Amino acid sequence: MVEKIFGSIIVREVPDQPGIYILFMNAGENKFNPTFMSNFHKALDYLESTKGPCGVVITAEGKFFSTGLDLEYFPRLPQPEKINFLRTYQRLIARILVLPFPTAAAINGHAYGAGAMLSLACDWRVMRQDRGFWCMPEVDIHMPLSPGMNGIVQNNVVSPQVLRDIVLLGKKFSGTAAATCAIVDQSAAEGDVMKLAIKYVSQAAEKAEDRFVFGALKREMHKDTYGKLVQDSLGESEIPRPNKSAKL
């Protein structure tokens, strides 16, 4: 079995399924900070260097998929550094969005904020039905969504009512509820989440042997959202926030 370790990110090839890889986040709550994002990019560099058919499942273990931005690190930054940090995060999400092979998020536990958006950057999503919540709590942590963040949510949430509840209420969705609302493609028992995620990427892995065409299709499909994620402007997220939001 092929295994590559990039700090807290581990890439393993699925036994007897050449070209199908698991990108395993192994940093506890898998909070986004500079080290975590650097390791993630190194893992993606490796995956993009592989040849032939390819499919990637992104997952973790235990009660957390990812709890989002590292709120022990991020709030302490001066405002200009906060903006640069958010740009760095968005460019990672933009890269995942248009990877030249199929991706699936196997959501094993809580997916919050930036972790929820990570799942939305994948082509398919399978979530454990009996543990964990999918949630975007930006309204509760006093943090506006950037145009790119809004774009990736809007592109994946069909119902205006569900979108409203995600953004304005910071509503928590169980795996079952997330599947019902089409935030994820499917919810499943713990033992079936990975199997289903592998099944999703496997159906398109052969098509991704031509990485240029597969990537081009995704770049065109996500052209508007990708453009918003990589642009310098973060919209109202760049405005210094007084009082409560100053803690960010």
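Please read all numbers here as calculations on a predicted model, not as lab measurements. (Residues numbered from 1 in each chain as written. Predicted model: local features only at pLDDT ≥ 70, side-chain atom pairs only at ≥ 80, totals over all residues. Heavy atoms only, no water.)

*Asks:* Would you mind showing me how to read the overall build of the protein here?
*Replies:* Summing up its helical and strand segments, the protein has 9 helices and 12 strands in all. For the protein, the C-alpha radius of gyration of 17 Å lies close to 18 Å, the compact-globule estimate for 248 residues. Dimensions of the protein, computed from the C-alpha atoms along their principal axes, are close to 55 × 35 × 35 Å. Looking at the 248 residues of the protein, the share that counts as buried comes to 53%. By sequence separation, contacts in the protein at least 24 residues apart represent 73% of the contacts at least 6 residues apart. Per element, the accessible surface of the protein, about 11200 Å² overall, is 53% carbon and sulfur. (Helix = DSSP H or I, 4+ residues; strand = E, 2+ residues; numbered from the N terminus. Rg over C-alpha atoms; globule rule 2.2 N^0.38 Å. Buried < 20%, exposed > 50% of the residue type's maximum accessible area, 1.4 Å probe, protein only. Contact = heavy atoms within 4.5 Å. Areas by Shrake-Rupley, 256 points an atom, 1.4 Å probe, with all protein chains shown as cover.)

*Asks:* Help me understand helix H1 (residues 34-49) in this model?
*Replies:* Helical geometry: 3.6 residues make up each α-helical turn, so side chains three or four residues apart lie on a common side. Taking 1.5 Å of rise per residue, 16 residues should cover 22 Å, and H1 covers 23 Å from first to last C-alpha, within 8% of that figure. Considered for burial, the residues of H1 that qualify are Phe-36, Met-37, Asn-39, Phe-40, Ala-43, Leu-44, Tyr-46 and Leu-47. (Expected span 1.5 Å × (residues − 1).)

*Asks:* Sorry if this is basic, but what is going on with the confidence of the model for the protein here?
*Replies:* Averaged over all residues, the pLDDT of the protein is 93; the fraction at 70 or higher stands at 96%. Contacts for the low-pLDDT stretch residues 242-248, under 50 throughout, to residues beyond four places or in other chains number 13 contacts. (pLDDT = per-residue confidence, 0-100.)

*Asks:* Before we go on, may I ask you to explain the sheet that holds strand E11 (residues 134-135) in this structure?
*Replies:* A sheet is described by the order of its strands in space; here 3 strands give the open sequence E6-E9-E11, paired in parallel fashion. With partners counted over all chains shown, the strands left at the sheet margins are strand E6 (64-66) and E11, one partner each. Pairing between E6 and strand E9 (residues 110-112): 2 bridges, direction parallel. Within E9, the residue paired with Ser-66 across the bridge is Ala-111. (Pairing = 2+ DSSP bridges.)

*Asks:* Help me understand the packing of aromatic side chains, please; the structure alone is not making it clear to me.
*Replies:* Each aromatic ring pair is specified by the distance between its two centres and by the angle formed by the two planes. Summed over the entire model, instances satisfying the criterion amount to 9 aromatic pairs. Judged by centre distance (6.4 Å) and plane angle (90°), the rings of Tyr-21 and Tyr-46 are edge-to-face. Residue Tyr-21 is found in strand E3 (residues 20-25), and its partner Tyr-46 is found in helix H1; the two are separated by 25 residues along the sequence. The buried category is assigned to Tyr-46, whose relative accessible area is 19%. Consider the rings of Phe-32 and Tyr-89, whose centres lie 5.1 Å apart with planes at 80°: the pair is edge-to-face. Here Phe-32, found in strand E4 (residues 31-32), pairs with Tyr-89, found in helix H2 (residues 79-97); they are 57 residues apart in sequence, far enough to count as distant. The pair formed by Phe-32 and Tyr-89 is uniform in burial state, with each residue classed as buried. Ring pairs connect the aromatic residues Phe-32, Phe-36, Phe-40 and Tyr-89, which therefore count as one cluster. The ring of Phe-74 has Lys-82 sitting right over it, with the charged end atom 5.9 Å from the ring centre. (Phe/Tyr/Trp six-rings, centres within 6.5 Å; stacked < 30°, edge-to-face > 60°. Lys NZ or Arg CZ within 6 Å of the ring centre and 35° of its normal.)

*Asks:* Got a minute to help me understand the pairing of strand E10 (residues 124-128) in this structure?
*Replies:* Regular strands place their side chains on alternate faces of the sheet. The element E10 is extensively covered by neighbouring structure, given that 5 of its 5 residues are classed as buried. Because side chains alternate across E10, one face comprises the buried residues Trp-124, Val-126 and Arg-128, and the other comprises Arg-125 and Met-127, equally buried. Looking at chain direction, strand E8 (residues 103-107) and E10 are connected through 4 bridges and run parallel. Paired with Ala-104 across the bridge in E10 is Trp-124. Note: E10 against strand E12 (residues 186-188), 3 bridges, orientation parallel. When the sheet's bridge partners are listed, Met-127 is paired in E12 with Ser-187.

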